[in-house]
Amino acid sequence: MPISAIVDNPELIDAIRNRKHYYIGNIGDPKFDMWNLLQLVPDHPKNKIDVNGKTRGSFMMEDLEKRGSVPDNIKSVAKDLNSVFYKNDITIHLYASFNEYAGGNIHHDQTEVIYLQAYGEVAWQCFDDDELIFEQRFIPGDMIYVPRLMDHCAVPLGDPRIGISFSAEHGRPVEEYF
């Protein structure tokens, strides 16, 4: 499924309106090369990188949309999502981990999130009032929509992994998206 297919997906629009998670499906292997993505790190602004310690083996890079060197396929996804969340800015964050101990913390975001598994595999989970309501093994190309404030986590499955999240910022009421 091409990324453009999600923007006209009535089930996704319904999930956004009703504040429900929605497994978008697999858009096909995005063919991200881990090494090329990691080349973004050295000149990324240091205040936009969160390193979770040497023993944890993970890091996050914020605001990739502001870099000219972001791969075109990442920019294309953000552009397509702007047609759904057209009253919000789409920000792009990259999450990388290099062992099974990194990542996997249950948390929630203050933004609407579309997550793309770019490299490696994770076990994705969503929760409602501490109850597991969704669990699936994600491979490259899998995407999910997670509404603001829904608890979730992506647990690495041993090998290096990279996930990319596209967030609708500014927290406007969901009614204003359409």
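So, a few notes on the structure that sits alongside this text. (Residues numbered from 1 in each chain as written. Predicted model: local features only at pLDDT ≥ 70, side-chain atom pairs only at ≥ 80, totals over all residues. Heavy atoms only, no water.)

**Examining the nonpolar core**
- Counting residues in each nonpolar core, the largest one holds 29 residues, and the members touching the most others are Phe 85, Ile 114, Tyr 145 and Phe 166.
- Elements that contribute at least two residues to this core include exactly helix H1 (10–17), strand S1 (22–26), helix H3 (72–82), strand S4 (90–97), strand S5 (112–119), strand S8 (142–146) and strand S10 (161–168).
- Not counting residues up to four positions away in its chain, the partners in contact with Phe 166 are Ile 74, Val 77, Ala 78, Leu 81, Ile 90, Thr 91, Ile 92, Glu 112, Val 113, Ile 114 and Leu 116. (Core = buried A, V, L, I, M, F, W, Y, C linked by side-chain atoms within 4.5 Å. Buried < 20%, exposed > 50% of the residue type's maximum accessible area, 1.4 Å probe, protein only. Helix = DSSP H or I, 4+ residues; strand = E, 2+ residues; numbered from the N terminus. Contact = heavy atoms within 4.5 Å.)

**With respect to a negative patch on the surface**
- A contiguous patch of negative charge on the surface is contributed by Asp 128, Asp 129, Asp 130 and Glu 131.
- Turning to its location among the elements, Asp 128 is positioned in strand S6 (residues 122–128).
- Accessibility expressed as a relative area gives 43% for Asp 128, which makes it partly exposed. (Patch = residues over 30% accessible without salt bridge, like charges linked within 9 Å, V, L, I, M, F, W, Y side chains within 5 Å. Areas by Shrake-Rupley, 256 points an atom, 1.4 Å probe, with all protein chains shown as cover. Salt bridge = Lys/Arg side-chain N within 4 Å of Asp/Glu carboxyl O. Lys, Arg positive; Asp, Glu negative; His and termini not counted. Charge placed at Lys NZ, Arg CZ, Asp CG, Glu CD.)

**Structural notes on unusual backbone geometry**
- In this model, Asp 129 sits at a positive phi of 50°, which is unusual for a non-glycine residue.
- Within the fold, Asp 129 resides in the loop between S6 and strand S7 (131–138).
- The exposure class assigned to Asp 129 is exposed, which follows from its relative accessible area of 73%.
- A positive phi angle, near 65°, is found at Asp 130, a position not held by glycine.
- Relative to the helices and strands, Asp 130 is located in the loop between S6 and S7.

**Comments concerning the environment of Leu 132**
- Take Leu 132: it is sitting in strand S7.
- Here Leu 132 is in contact with Gln 125, Cys 126 and Phe 127, once residues within four sequence places are set aside.

**Quick notes on H3**
- Within H3 the residues assigned to the buried category are Ile 74, Val 77, Ala 78, Asp 80 and Leu 81. Taken around the axis of H3, the buried residues stretch over an arc of 160°, which confines them to a single face. The exposed set on the far side of H3, more than 90 degrees from its buried face, consists of Asp 72 and Lys 79. (Arc of directions from axis to C-beta.)

**A word on the sheet that holds S6**
- Strand order in the open sheet made by the 3 strands is S7-S6-S9, with antiparallel pairing throughout. Each edge of the sheet is formed by a strand with only one pairing partner; in this case those strands are S7 and strand S9 (151–156). Shown here is a sheet whose adjacent strand axes are inclined to one another by a mean of 15°, direction ignored.
- Where S6 lies against S9, 6 bridges are found, and the strand directions are antiparallel. Within S9, the residue paired with Phe 127 across the bridge is Asp 151. (Pairing = 2+ DSSP bridges. Axes fitted to C-alpha atoms, helices over the stretch in contact; angles between N-to-C directions.)

All we've got here are geometric facts, nothing functional implied.
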